[in-house]
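Notes for the structure review
Below are the chains, spelled out letter by letter.
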Amino acid sequence: MKKYWSFLMMFTVTLLMGCVSEFNYVYRSTDYSYRYEYAKEQYAKGKYTRANMLFGEMVTMMKGTENAEECLFLCAMSAYRMKDYESASEVFRKYFTTYPKGQYAEEACYYIAESLYRDVPEPRLDQKPTVQAIKAYQDFIDIFPYSSRKPMADSRMYELQDKLVEKEYINAKLYFNLGTYFLNCIGSGGNNYEACIVTAQNALKDYPYTTMREKFASLIMKSKYELAVHSVKEKQAERFQDAEDECYGFLNEYPDSKDVALAEKYIDKCKKFSEGKLTFD
């Protein structure tokens, strides 16, 4: 049994060394037609790293030949299959810029966006890549409005817009959670509730059909109440009235919300304040 496993290991190592030697031989070969066919064979076998190395080397060499267009496209596709999405999006863009009417133009234009989509960060991080991916999908739809890939592009765009909305909600909630602050250097303080209100209101304006409308509305209601509580006396009456109006608006729009009891509690306190039965120092 030990001899069998020793033989198997030696056979495997020899086979691997043979494969590496073969690749190195092809990689150094000056027979570009042979190298190109070998690269396509590696791509077909799912060996995308090898294929990408070979296609990348030959893109310049293939310029002006009948294989130049296919070589550039397969270079991009092999990078995509390797999950090197940043490189893939760049090469797909290069292909589409070079061959806007080419054989793979529609596919390349779509995969520019798809590569960016695969590389977008989580909502808590900077969403610039998400914005770029949305733009790329929109560009694809504008250029190829009748493509069979349009429904998927639309779906991806909605998904990415939800990510942007979630980022805005995270920002608004962060402002709310930060609440008040005190500046020792000047002996006074302030609060982040106004920033929360502005952020949430802008999100509702920019994304009017978001499924997170209730969450934003709840944050606005809570922030307006807390803003009134922590305001200077000269502004409290106006702000408590504004908070009360916001609570009524919330109840009208979301009568089944889990925050109904909270809205009613706020209304009661706002009324008591206006009647002089409640004070906040």
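Everything numeric here is computed off the predicted structure, so don't read it as measured data.

This part is about the overall build of the protein chain. Scanning the protein chain from terminus to terminus reveals 12 helices and 2 strands. Of the regular secondary structure in the protein chain, the N- to C-terminal order runs α-α-α-α-α-α-α-α-β-β-α-α-α-α. Out of the 281 residues in the protein chain, the part that is buried amounts to 42%. Once local pairs closer than 6 in sequence are excluded, the contacts in the protein chain between residues at least 24 apart make up 54%. When the accessible surface of the protein chain is summed, it comes to about 17,100 Å², and 53% of that surface belongs to carbon and sulfur atoms.

With that settled, consider the confidence of the model for the protein chain. Averaged over the protein chain, the pLDDT score is 89; the fraction of residues at 70 or greater is 85%. Taken as a whole, residues 1–19 scores under 50 in pLDDT and shows 1 contact with residues more than four places along the chain or in a different chain. Scored below 50 in pLDDT, residues 183–188 makes 4 contacts in the model with residues more than four places away or belonging to other chains.

With that out of the way, let us pick up the packing of helix H3 (residues 48–61) against helix H4 (residues 68–81). Between H3 and H4, whose axes approach to 8 Å, the crossing angle comes to 150°. Judged by the sense of rotation from one axis to the other, the crossing of H3 with H4 is left-handed. Between H3, through Tyr 48, Ala 51, Asn 52, Phe 55, Gly 56, Met 58 and Val 59, and H4, the contact on the second element is made entirely by Cys 71, Leu 72, Leu 74, Cys 75, Ser 78, Ala 79 and Arg 81. Looking at the contact of H3 with H4 residue by residue, the class counts come to 10 nonpolar, 3 polar and 1 charged.

On to the packing of aromatic side chains, then. Note on aromatic pairs: each is described by the distance of the centres and the angle between the planes. In total, this model carries 23 aromatic pairs according to the counting rule given. Centroid distance Tyr 110 to Tyr 111: 5.6 Å. Interplanar angle 85°. Geometry classified as edge-to-face. The same class applies to Tyr 110 and to Tyr 111, which are both buried. Ring geometry for Tyr 225 versus Tyr 266: centroids 4.1 Å apart, planes at 15°, classification stacked. Of this pair, Tyr 225 sits in helix H10 (residues 213–229) while Tyr 266 is found in helix H12 (residues 260–274), placing the two residues 41 residues apart along the sequence. Of note, Arg 149 hangs over the ring of Tyr 110, and the distance from its end group to the ring centre comes to 5.6 Å.

A few words on H4. Given 3.6 residues per helical turn, the α-helix brings residues three or four places apart onto the same face. Taking 1.5 Å as the rise per residue, H4 with 14 residues should run 20 Å; its terminal C-alpha atoms sit 20 Å apart, in good agreement. Within H4, 12 of the 14 residues are buried, which leaves it mostly tucked inside the rest of the structure. If you check which residues of H4 are buried, you get Ala 68, Glu 69, Cys 71, Leu 72, Phe 73, Leu 74, Cys 75, Ala 76, Met 77, Ser 78, Ala 79 and Tyr 80. Those residues of H4 that are buried are in contact with helix H2 (32–44), H3, helix H5 (85–98) and helix H6 (105–118). Positive phi appears at Lys 83, one or two residues downstream of H4, with a value of about 70°.

With respect to the helices and strands, the residue Gln 103 is situated in the loop between H5 and H6. Taking the C-alpha atoms as reference, Gln 103 lies 8.1 Å from Glu 69; in sequence the two are 34 residues apart. With sequence-adjacent residues up to four places away left out, Gln 103 is seen in contact with Glu 69 and Tyr 95.

What follows deals with the state of the cysteines. A complete count under the given rule lists 0 disulfides for this structure. For Cys 247, which is in no disulfide, the shortest distance to another cysteine sulfur is to Cys 270 and amounts to 5.6 Å.

Together, Leu 174, Tyr 175 and Leu 178 give the surface a local cluster of nonpolar side chains, amounting to about 280 Å² of exposed area. Mapped onto the elements of the fold, Leu 178 is located in helix H8 (residues 150–178). Overall, Leu 178 belongs to the partly exposed group, its relative accessible area being 48%.

Attention shifts here to the side chain of Arg 156. Locating Arg 156 in the fold gives a position in helix H8. A polar contact is formed between the side chain of Arg 156 and the side chain of Glu 114, at a distance of 2.7 Å. Ignoring any residue separated from it by four or fewer positions in sequence, one finds Arg 156 in contact with Glu 114, Tyr 117, Arg 118 and Tyr 137.

What counts and how
- Residues numbered from 1 in each chain as written.
- Predicted model: local features only at pLDDT ≥ 70, side-chain atom pairs only at ≥ 80, totals over all residues.
- Heavy atoms only, no water.
- Helix = DSSP H or I, 4+ residues; strand = E, 2+ residues; numbered from the N terminus.
- Buried < 20%, exposed > 50% of the residue type's maximum accessible area, 1.4 Å probe, protein only.
- Contact = heavy atoms within 4.5 Å.
- Areas by Shrake-Rupley, 256 points an atom, 1.4 Å probe, with all protein chains shown as cover.
- pLDDT = per-residue confidence, 0-100.
- Axes fitted to C-alpha atoms, helices over the stretch in contact; angles between N-to-C directions.
- Left-handed = near helix turned anticlockwise from the far one by under 90°.
- Nonpolar A, V, L, I, M, F, W, Y, C, P; charged D, E, K, R; others polar.
- Phe/Tyr/Trp six-rings, centres within 6.5 Å; stacked < 30°, edge-to-face > 60°.
- Lys NZ or Arg CZ within 6 Å of the ring centre and 35° of its normal.
- Expected span 1.5 Å × (residues − 1).
- Disulfide = S-S within 2.5 Å.
- Patch = residues over 30% accessible without salt bridge, like charges linked within 9 Å, V, L, I, M, F, W, Y side chains within 5 Å.
- Salt bridge = Lys/Arg side-chain N within 4 Å of Asp/Glu carboxyl O.
- Polar contact = N/O pair within 3.5 Å; in protein donor to acceptor, adjacent residues only side chain to side chain.

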